[in-house]
Amino acid sequence: MTVDLFAGVPVRDYAAATAWYERLLGAEPAFRPNDTEAVWELADHRYLYIELLPERAGHALQTIFVGDYDTRLAEIAGRGLEPATVETYENGVRKAIFRDPDGNEIGFGGGPIE
């Protein structure tokens, strides 16, 4: 069975949010279903999308767990974005939290340092 995941992020300013997510994710959207949504494919059948929903903006909590955590954070830093916070849990799992212009939380998680 194939499962597609679409994780949504409501935003106030579509153009500003699109530009910010392009910097965060290092790519233009994979597709734009309409004038108020932009969709990035993070992996097969796994998507992150923004949608112009001003009344709901700023409340999203998304975490993307990646196998290349350190490389990913370095690439994002190279595009001019730094995490708002970085955490390491007792089990060694790491998480870097970025906040978009509306305050939505987009986290990147990674396994313990080996």
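Summarised in this report is the structure supplied together with it.

What counts, and where the lines are drawn
Counting starts from 1 at the beginning of each chain's written sequence and moves along it residue by residue. Given that this is a predicted model, residues contribute local features only at a pLDDT of at least 70 and side-chain atom pairs are listed and counted only at 80 or more, while totals for whole chains, interfaces and linings are drawn from all residues. Neither water nor hydrogens contribute to the side-chain values; these are computed over all heavy atoms in the structure. Any carboxyl oxygen of Asp or Glu that lies within 4 Å of a side-chain nitrogen of Lys or Arg is treated as forming a salt bridge with it. Numbering of helices and strands runs from the N terminus, with a helix taken as a DSSP run of H or I at least four residues long and a strand as a DSSP run of E at least two residues long. Residue burial is assigned from relative accessible area. The probe radius is 1.4 Å, only protein chains are included, and a residue is buried under 20% of its type maximum, exposed over 50%, and partly exposed in between. What makes two strands pair is DSSP finding at least two bridges between them. Throughout, an axis means a line fitted to C-alpha atoms (over the contacting stretch in the case of helices), and angles, computed between N-to-C directions, take values from 0 to 180 degrees. Every residue pair with non-hydrogen atoms within 4.5 Å of one another is taken to be in contact. As used in this record, nonpolar core signifies buried Ala, Val, Leu, Ile, Met, Phe, Trp, Tyr and Cys residues forming a set joined through side-chain atoms within 4.5 Å.

Summed over all chains, the structure comprises six salt bridges. Its salt-bridge partner being Asp 102, residue Arg 12 comes within 3.2 Å of it at the nearest N-O pair. Of this pair, Arg 12 sits in the loop between strand E1 (5-11) and helix H1 (14-25) while Asp 102 is found in the loop between strand E7 (94-99) and strand E8 (105-110), placing the two residues 90 residues apart along the sequence. Assessed through its relative accessible area of 47%, Arg 12 is described here as partly exposed. One salt bridge in this structure joins Glu 105 and Arg 99, with 3.5 Å as the shortest N-O distance. For Arg 99, a relative accessible area of 43% puts it in the partly exposed group. Through salt bridges with shared partners, a single ionic network connects Lys 95, Arg 99 and Glu 105.

This paragraph deals with the sheet that holds strand E6 (residues 85-88). In any sheet, the strands associate via hydrogen bonds between backbone groups, in a parallel or an antiparallel arrangement. Pairing in this open sheet of four strands is mixed, and the strands run E5-E8-E7-E6 from one edge to the other. Because the sheet does not close on itself, it has two edges, and the strands there are strand E5 (61-65) and E6. Strand-to-strand twist of the sheet, defined as the mean angle between neighbouring strand axes without regard to direction, takes the value 20°. As judged from the five bridges shared by E5 and E8, these two strands associate in the parallel manner.

For the rest of this paragraph, the subject is the sheet that holds strand E2 (residues 31-34). The mixed open sheet is built from four strands, whose spatial order is E1-E4-E3-E2. A single partner strand is all that each edge strand has here, and the edge strands are E1 and E2. Across the sheet, the mean angle from the axis of one strand to that of its neighbour is 25°, orientation sign disregarded. Here E1 pairs with strand E4 (residues 46-52) via seven bridges, running parallel. Across the sheet, the residue bridging to Phe 6 is Tyr 47, located in E4. On the sheet, H1 packs against E1, E2, strand E3 (37-43) and E4 and is oriented at approximately 15° with respect to E3.

Among the nonpolar cores identified, the biggest contains 24 residues, and Val 9, Tyr 21, Leu 24, Ile 50, Phe 98 and Phe 108 are the most heavily contacted of them. For this core, the secondary structure elements donating two or more residues are E1, H1, E3, E4, helix H2 (69-78), E7 and E8.

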